[in-house]
Amino acid sequence: MLRVGVSRIGFETKGYFRSPDAVFFTFLFPLIMLGIFTAAFSASGDIVPGPGMEGVSVGAYYLPGMLAAGMLLSGVQNLAVDIATEKGDGTLKRLGGTPLSPVSYFLGKIGQVFVTAVLQAALLLLVAGTILGIALPTTSEAWLTFAWVFVLGVATSALCGIALSAVPRSGKSATAVVIPIVLVLQFISGVYLQFSQLPEWMQNIASLFPLKWMAQGMRAVFLPDDFKVLEQHGEWDLGWVAIALVAWLVIGLVVSRLTFRWIRRDA
């Protein structure tokens, strides 16, 4: 199962990059949005958490959110739409008639998410550091935090995407079901809007979902320590970031195991 699953990573990755809409809306979208936000709002000056505190440029402030959004798009949106489409067009039915194990199938899907997410994050950081002039962390501690938040966030997003793929009733409706969910989460989780400026009830709702915690973990890596006063509890709360992501990883794994079938039950 492991050998076949690893071999499918290359197959899934090639298929991903041969789909222009998937590349644009999941791979390049965070980079495009970072460029737009930087160009549109840089004239207003640096973003400062409070009087006498250290500020950062607009691009530097939005970079953590775009990294978190990239993880969500690579995992949740990409897999939920892709698997629902394969279920609708009969691909899964045909695979179910082969010796392919569901474990191998999902190893290929999750491996593809990790490959594309790593490439996407590397491209974002490269453009941010070279073209946009954003200062990146220089300490090993910051990059270690980035590594575990990134790995845990991508794994959680991938499993949640697999679980969400059971919701659309057909491949044609998958995009209409998944994209609004992902878009709303980005707006309430501090990706496109400053999280501290959202109403408290909206912050509480966002805290129930993994994207808020992924964005918070990334802000802890890329923003000065003064910015933690803008978080919901005035701290980075990295311990709660880990707990929330692990909890959603387990939820995604359990729901995926209970709902996945090669053929829909109502087919």
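Everything below is about the structure printed above this text.
Note that the structure is a prediction, hence the values are computed from the model and not measured.

Caption draft 1: Geometry of the packing of aromatic side chains. Under the criterion given, the structure shown has 17 aromatic pairs. When the centroid spacing of 6.1 Å and the interplanar angle of 20° are considered together, the rings of Tyr-105 and Phe-260 count as stacked. Of this pair, Tyr-105 sits in helix α5 (residues 102-130) while Phe-260 sits in the segment after α10 (238-259), placing them 155 residues apart in sequence. Look at Phe-146 and Phe-222: their rings are 5.9 Å apart centre to centre, the planes differ by 90°, and that puts the pair in the edge-to-face class. Here Phe-146 is found in helix α6 (residues 140-164), whereas its partner Phe-222 is found in helix α9 (residues 210-222), with 76 residues between them in sequence. One aromatic cluster is present, formed by Phe-37, Phe-41, Tyr-61, Tyr-62, Phe-187, Tyr-192 and Phe-227 through successive ring pairs.

Caption draft 2: Summary view of the layout of surface pockets. By volume, the largest pocket amounts to about 480 Å³. Considering the residues around the largest pocket, the lining is formed by 21 residues, among which Ser-19, Ala-22, Asn-78, Val-81 and Asp-82 are closest to the centre. Those elements that place two or more of their residues in the lining of the largest pocket are α1 (2-17), α2 (20-41), α3 (58-88), α4 (91-96), α5 and α7 (171-188). Taken together, the residues of the lining of the largest pocket sort by class into seven nonpolar, eight polar and six charged. In this model, the second largest pocket occupies a volume close to 360 Å³. Around the second largest pocket, the lining is made up of 21 residues, and of these Pro-137, Val-221, Phe-222, Leu-223 and Pro-224 lie nearest the centre. At the level of secondary structure, the elements contributing two or more residues to the lining of the second largest pocket comprise α3, α6 and α9. A per-class count over the lining of the second largest pocket returns 15 nonpolar, five polar and one charged.

Caption draft 3: Summary view of the side chain of Ser-104. Positionally, Ser-104 belongs in helix α5. Those residues in contact with Ser-104 that sit more than four places away from it in its chain are Met-1, Val-4, Gly-5 and Arg-8.

Caption draft 4: Structural context of the environment of Val-127. Mapped onto the secondary structure, Val-127 falls in helix α5. Assessed through its relative accessible area of 15%, Val-127 is described here as buried. Not counting residues within four places of it along the chain, the set of residues in contact with Val-127 comprises Leu-31 and Leu-132.

Here is what the cut-offs are and how they apply
- Residues numbered from 1 in each chain as written.
- Predicted model: local features only at pLDDT ≥ 70, side-chain atom pairs only at ≥ 80, totals over all residues.
- Heavy atoms only, no water.
- Phe/Tyr/Trp six-rings, centres within 6.5 Å; stacked < 30°, edge-to-face > 60°.
- Helix = DSSP H or I, 4+ residues; strand = E, 2+ residues; numbered from the N terminus.
- 1 Å grid on protein atoms, 1.4 Å probe; cavity = no way out; pocket = protein on both sides within 12 Å on 5 of 7 lines; lining within 4 Å.
- Points joined across faces, edges and corners; volume = space filled by probe spheres on them.
- Nonpolar A, V, L, I, M, F, W, Y, C, P; charged D, E, K, R; others polar.
- Contact = heavy atoms within 4.5 Å.
- Buried < 20%, exposed > 50% of the residue type's maximum accessible area, 1.4 Å probe, protein only.

Structural measurements only, silent on function.
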